[in-house]
Amino acid sequence: MSHPSAKRTAGLRRSRGILINVGRFVVMLATTYLGLLAVTFFIGRVVPIDPVLAIVGDRAPTAVVERIREEMGFNLPLWQQFLIYLRQALTGDFGTSVLTTNPVMTDIVRVFPATLELATVGTLIGAGLGVPLGVVAAVRRGSIADQIVRIVGLIGYSVPIFWLGLLSLLLFYAKLKWVAYPGRLDVAYEYTFTPITGLYLVDAAWTRQWDVLWDAFRHIILPGTLLGYFSLAYISRMTRSFMLNELGQEYIVAARAKGLSERRIIWFHALRNAAVPLVTVIALSYAGLLEGSVLTETVFSWPGIGLYITNSLQNADMNAVLGGTIVIGSVFITINMLSDLLYRLLDPRTRAK
Amino acid sequence: MTDPSSPAPISWRDWLLTAEPHSRRQASLGRAYVTWRRFSENRLAVTGLLIILALVLVAIFADLLAPHSATTGNLAGARLLPPGSPDFLLGTDDQGRDILSRLLVGSRITLAVVALVAIIAAPVGLLIGTVSGFAGGYVDAVLMRITDIFLAFPKLILALAFVAALGPGIENAVIAIALTSWPPYARLARAETLGVRNSDYIAAVRLMGASPARIVIRHIMPMCLSSLIVRVTLDMAGIILTAAGLGFLGLGAQPPLPEWGTMIASGRRFILDQWWVATMPGIAILIVSLGFNLLGDGLRDALDPRESGR
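Calculation rules
- Residues numbered from 1 in each chain as written.
- Chains lettered and ligands numbered in written order.
- Predicted model: local features only at pLDDT ≥ 70, side-chain atom pairs only at ≥ 80, totals over all residues.
- Heavy atoms only, no water.
- UniProt positions renumbered as here; feature names shortened; annotations may be inferred.
- Helix = DSSP H or I, 4+ residues; strand = E, 2+ residues; numbered from the N terminus.
- Buried < 20%, exposed > 50% of the residue type's maximum accessible area, 1.4 Å probe, protein only.
- Contact = heavy atoms within 4.5 Å.
- Areas by Shrake-Rupley, 256 points an atom, 1.4 Å probe, with all protein chains shown as cover.
- Polar contact = N/O pair within 3.5 Å; in protein donor to acceptor, adjacent residues only side chain to side chain.
- pLDDT = per-residue confidence, 0-100.
- Buried area = accessible area lost by both parts, 1.4 Å probe.
- Salt bridge = Lys/Arg side-chain N within 4 Å of Asp/Glu carboxyl O.
- Nonpolar A, V, L, I, M, F, W, Y, C, P; charged D, E, K, R; others polar.
- Axes fitted to C-alpha atoms, helices over the stretch in contact; angles between N-to-C directions.
- Left-handed = near helix turned anticlockwise from the far one by under 90°.
- Phe/Tyr/Trp six-rings, centres within 6.5 Å; stacked < 30°, edge-to-face > 60°.
- Lys NZ or Arg CZ within 6 Å of the ring centre and 35° of its normal.
- Expected span 1.5 Å × (residues − 1).
- Bend = angle between axes of the 7 residues up to and from the residue.
- Parallel < 35°, antiparallel > 145°, perpendicular 65-115°, else oblique.

- An unreviewed UniProt entry annotates chain B as D-ala-D-ala transporter subunit originating from Pleomorphomonas diazotrophica.
- For chain B, the Sequence similarities (unreviewed entry) comment in UniProt is given as "Belongs to the binding-protein-dependent transport system permease family."
- Taken from UniProt, the Subcellular location (unreviewed entry) comment for chain B reads in full: "Cell membrane".

### Section: the overall build of chain B
Moving on, step 1. When its secondary structure is counted, chain B shows 13 helices and zero strands.
Moving on, step 2. N-terminal to C-terminal, the α/β element order of chain B is α-α-α-α-α-α-α-α-α-α-α-α-α.
Moving on, step 3. If you line up chain B on its principal axes, its C-alpha atoms span 75 × 55 × 30 Å.
Moving on, step 4. A burial count over chain B gives 50% of its 310 residues as buried.
Moving on, step 5. The contacts of chain B with a sequence gap of at least 6 include a subset with a gap of at least 24, amounting to 68%.
Moving on, step 6. When the accessible surface of chain B is summed, it comes to about 14,900 Å², and 65% of that surface belongs to carbon and sulfur atoms.

### With respect to the UniProt feature "transmembrane region" (unreviewed entry) in chain B
Residues and elements named next belong to chain B.
Moving on, step 1. In this structure's numbering, the residues bearing the UniProt feature "transmembrane region" (unreviewed entry) are residues 44-66, 109-135, 156-181, 229-254 and 274-296.
Moving on, step 2. Each end of residues 156-181 is marked by a C-alpha atom, and these two atoms are 10 Å apart; helix forms 88% of the span and strand 0%.
Moving on, step 3. This span, residues 229-254, is 77% helix and 0% strand, and a straight line between its end C-alpha atoms measures 30 Å.

### Brief notes about the side chain of Ser181(B)
Residue and element names in this part refer to chain B.
Moving on, step 1. If you trace the backbone, Ser 181 turns up in helix α8 (residues 170-181).
Moving on, step 2. In terms of polar contacts, Ser 181 uses its side chain to reach the backbone carbonyl oxygen of Ile 177, at 2.7 Å.
Moving on, step 3. Not counting residues up to four positions away in its chain, the partners in contact with Ser 181 are Val 117, Ala 121 and Lys 155.

### Describing the confidence of the model for chain A
Moving on, step 1. Overall, the predicted model of chain A reaches an average pLDDT of 83, with 92% of residues at or above 70.
Moving on, step 2. At the level of individual helices and strands, chain A shows its lowest average pLDDT in helix α2 (residues 51-56) of chain A, which scores 66, and its highest in helix α5 (residues 104-139) of chain A, which scores 92.

### Looking at the UniProt feature "domain: ABC transmembrane type-1" (unreviewed entry) in chain B
Moving on, step 1. UniProt feature "domain: ABC transmembrane type-1" (unreviewed entry): in the numbering of this structure it lies at residues 107-296 of chain B.
Moving on, step 2. In the segment residues 107-296 of chain B, helix accounts for 82% and strand for 0%; the C-alpha atoms at its two ends are 19 Å apart.

### Re the interface of chain B and chain A
The parts lose accessible area when they come together, and the size of an interface is often stated as this lost area.
Moving on, step 1. In this complex, chain B contributes 43 residues to the contact, which on the side of chain A involves 49 residues.
Moving on, step 2. A buried area of about 4,100 Å², summed over both sides, lies between chain B and chain A, and 74% of it is on carbon and sulfur atoms.
Moving on, step 3. Applying the counting criterion to the chain B and chain A interface returns two salt bridges.
Moving on, step 4. Close ionic contact of Arg150(A) with Asp297(B) constitutes a salt bridge, the shortest N to O distance being 3.6 Å.
Moving on, step 5. Taken together, the elements giving at least two residues each to the side of chain B that touches chain A come down to α6 (137-151), α7 (155-166), α11 (212-248) and α13 (276-303) of chain B.
Moving on, step 6. Looking at which element gives the most residues to the side of chain B that touches chain A, the answer is α13(B), with 12 residues.
Moving on, step 7. Considered class by class, the residues forming the side of chain B that touches chain A number 30 nonpolar, seven polar and six charged.

### A word on the environment of Asp140(B)
Moving on, step 1. Inspection of the secondary structure puts Asp140(B) in helix α6.
Moving on, step 2. For the pair Asp140(B) and Thr130(B), spaced 10 residues apart in the sequence, the C-alpha separation amounts to 9.6 Å.

### Quick look at the confidence of the model for chain B
Parts of the prediction with low pLDDT should not have their coordinates interpreted in detail.
Moving on, step 1. Looking at chain B, the pLDDT average stands at 85 and 95% of residues meet or exceed 70.
Moving on, step 2. Here the predicted complex carries an ipTM of 0.84, next to a pTM of 0.86.

### Here's the deal with unusual backbone geometry
All names here are of chain A.
Moving on, step 1. The backbone of Thr 101 sits at a positive phi, close to 60 degrees, despite the residue not being glycine.
Moving on, step 2. Structurally, Thr 101 is set in the loop between α4 (78-90) and α5.
Moving on, step 3. For Ser 301, which is not a glycine, the phi torsion comes out positive at approximately 45 degrees.
Moving on, step 4. Examined against the element boundaries, Ser 301 turns out to sit in the loop between α12 (262-300) and α13 (305-314).

### Focus on the packing of α11(B) against helix α12 (residues 260-267) of chain B
All names here are of chain B.
Moving on, step 1. Interhelical geometry of α11 versus α12 gives an angle of 40 degrees and a closest axis separation of 7 Å. Once α11 is placed against α12, the crossing between them reads as right-handed. Along the contact surface, α11 presents Ala 244, Gly 247 and Phe 248, while α12 presents Gly 261, Thr 262, Ile 264 and Ala 265.
Moving on, step 2. Tallied by class, the residues present in the contact of α11 with α12 amount to four nonpolar, three polar and no charged.

### A look at the packing of aromatic side chains
Moving on, step 1. Using the criterion set out here, one finds 10 aromatic pairs over all chains in the structure.
Moving on, step 2. Summarising the aromatic geometry, the rings of Phe162(A) and Phe248(B) are spaced 4.4 Å apart at their centres and angled 20 degrees between planes, so their arrangement reads as stacked. Separated into two different chains, Phe162(A) in helix α7 (residues 161-175) and Phe248(B) in helix α11 make up a pair that spans both. One exposure class covers both Phe162(A) and Phe248(B), and it is buried.
Moving on, step 3. An aromatic cluster is defined as three or more aromatic residues linked by ring pairs; in this entry it consists of Phe41(A), Phe82(A) and Tyr85(A).
Moving on, step 4. The aromatic ring of Tyr157(A) is capped on one face by Arg237(A), whose charged end is 4.9 Å from the ring centroid.
Moving on, step 5. Above the face of the Phe268(A) ring, Arg264(A) is positioned so that its terminal group lies 4.7 Å from the ring centre.

### Some details on helix α10 (residues 210-247) of chain A
Moving on, step 1. Over its 38 residues, α10(A) extends only 45 Å from the first C-alpha to the last, a length that falls short of the 56 Å expected when each residue adds 1.5 Å.
Moving on, step 2. Considering bend angle alone, the principal kink of α10(A) is centred on Ile221(A) and spans about 40 degrees; proline Pro223(A) follows within four residues of it.

### Observations concerning the environment of Ala114(A)
Residue and element names in this part refer to chain A.
Moving on, step 1. Inspection of the secondary structure puts Ala 114 in helix α5.
Moving on, step 2. For Ala 114, a relative accessible area of 1% puts it in the buried group.
Moving on, step 3. Distance in space between the C-alpha atoms of Ala 114 and Ile 220 is 9.9 Å, their sequence separation being 106 residues.
Moving on, step 4. For Ala 114, the contacting residues outside a window of four places in its chain are Arg 184, Gly 198, Trp 302, Pro 303 and Gly 304.

### Some points on the packing of α12(A) against α13(A)
Residue and element names in this part refer to chain A.
Moving on, step 1. Packing of α12 against α13 brings their axes to within 7 Å, and their N-to-C directions diverge by 80 degrees. Overall, the two elements α12 and α13 adopt an arrangement that is roughly perpendicular. Across the interface between the two elements, Val 294, Glu 297 and Thr 298 of α12 pack against Ile 305, Gly 306, Leu 307 and Thr 310 of α13.
Moving on, step 2. The residue makeup of the contact of α12 with α13, split by class, is three nonpolar, three polar and one charged.

### Here we look at α12(B)
Since the α-helix packs 3.6 residues into each turn, any two residues three or four apart lie on the same face.
Moving on, step 1. Counting buried residues in α12(B) gives six out of eight residues, a clear majority hidden from the surface.
Moving on, step 2. Within α12(B) the residues assigned to the buried category are Trp260(B), Gly261(B), Thr262(B), Met263(B), Ile264(B) and Gly267(B).
Moving on, step 3. Lining the buried residues of α12(B) we find α7 of chain A together with α3 (43-60), α5 (99-135), α11 and α13 of chain B.
Moving on, step 4. The backbone nitrogen of Gly261(B) lies 3.1 Å from a side-chain oxygen of the residue at the head of α12(B), namely Glu259(B).

Here it is, written out as structure tokens:
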């Protein structure tokens with residue numbers, strides 16, 4: 001194996017393996033997007049008895065219904081409709097929202113940063129606390145600490161997030177007055193503050209408006225912590241499982257025999273090896289929070305994509321609902337698959353042979 | 001020692017734990033007994049089982065247990081009474097209805113939702129997974145691609161969109177949740193199928209002339225059941241939470257049905273002054289999902305000791 005040409009072919013084989021992986025990834029991603037669009041098409045056009053009535057309402061005069069049917073191509077065969085739908089979706093055209101009268105895409109671009117900011121804060125809290133808790137639980141397996149982490153995680157898996165949100169609002173906002181009321185900013189700032197990226201924490205820090213930053217912080221801390229708790233439940237459980245796996249390996253025994261300190265063995269050797277699957281888990285929980293924000297945003301009046309979808313639902317605004325579904329679905333799928341690809345690329349054991 | 005013609009009087013325990021069972025029934029009962037012993041050592045798991053048994057009993061006898069009507073209240077005399085009021089243990093809601101009675105009757109909806117989703121989604125996943133794993137080739141590739149596509153979807157959002165199109169209601173919520181929850185079962189069943197499809201007993205059955213359908217249904221599906229049951233039990237909590245979430249958004253069960261998520265939504269308006277209206281149903285949801293999670297964890301540990309403690 002020390003022969004140089006052998007080394008080169010090994011290198012070639014490796015980069016080919018990566019190429020195959022990336023190629024497979026692109027195909028998978030494309031078919032999954034296609035599947036998502038097929039399902040939303042099915043929901044929007046096939047499930048309702050008459051999609052035109054779903055759009056114009058059942059009190060519209062027959063002439064209007066027929067005109068809309070003609071205009072929207074609903075009298076074409078279903079496969080042609082699907083192709084048109086695909087072309088529109090790929091160009092980001094999800095139709096017009098009945099409620100806001102804007103193109104759905106414009107609305108989504110406006111509200112998406114709020115969801116992104118909330119999910120990011122949630123994941124930071126969840127991973128920042130969940131990983132150390134999971135490590136401690138694994139190292140002290142069976143101890144009181146392990147039991148506590150387990151119970152905290154189990155409750156996180158079992159509690160309805162909207163209910164916990166309501167109760168936390170009652171306690172921390174209404175009774176203790178520690179946090180600000182629902183929304184992203186106080187009304188006073190709502191009209192004076194011009195966002196740049198739409199991530200208020202980033203924008204306020206960037207423009208050095210410290211009072212706005214503090215206000216935005218007081219608004220995001222409660223919903224962020226709540227989402228963080230849910231991702232903590234998942235992350236700490238998985239961390240514990242991965243760490244138990246690593247701590248049983250022989251290299252740990254070898255490191256102990258070498259006389260390394262226990263702290264170094266745990267936090268450096270074992271955790272580093274558990275890090276690869278952990279990246280996947282954290283990415284998955286991030287995607288999950290983007291989705292899970294629907295209920296949280298409703299409780300906290302957080303003007304993100306979740307609240308946008310539920311508001312549209314209440315007004316039977318199908319274009320907006322399906323547009324939002326496609327956007328969240330695409331982000332979800334992309335993160336899902338990217339984390340899978342990352343896992344394959346980072347872990348030598350899973351590389352294509 | 002134990003001659004079948006003259007069975008020595010042995011204890012039930014020995015009969016169950018014997019290494020040489022005389023009949024299939026004895027062997028399977030013995031296995032069940034070992035599993036039960038492993039399960040019952042786990043105190044949390046037994047707690048979970050008790051919670052679920054209690055849920056089932058409450059759902060069956062809700063009419064007898066409920067002290068008041070779940071749907072009609074006393075608007076004049078009993079609006080928004082706090083918990084601990086005489087005659088109303090958990091208080092009343094804005095329509096003067098007894099919250100305890102509503103919770104008891106609502107347990108039926110919760111149980112029906114999880115049961116229906118399990119009855120729809122688990123067989124679909126089982127069928128797709130076993131057929132895919134047994135057939136292999138193109139069938140496998142296509143079916144698994146479809147499964148992966150559905151697996152990559154965000155479940156709650158998709159369920160929301162489905163219900164939006166179908167119209168709100170508890171039946172449509174069940175359909176929507178079932179449509180989004182079969183893929184993990186298909187993956188699981190396929191993995192189990194791949195594990196047994198090349199084993200000797202399948203070859204023997206095939207030599208005896210069994211059709212592929214018979215092999216899959218009679219000889220492969222039973223092998224997938226135990227891991228499938230564990231997985232379904234672990235998913236129950238998620239199903240309850242999704243159903244409650246849909247109810248909270250006004251898309252699940254419609255008032256005056258005492259669905260717990262819907263009850264939280266209607267208590268939301270009074271949360272500042274009458275906290276109990278929204279709090280009590282949430283506690284019920286928490287207890288029941290916790291029960292399913294504990295039961296699922298315990299079942300997994302008992303059926304698959306390798307994974308125990310993970």
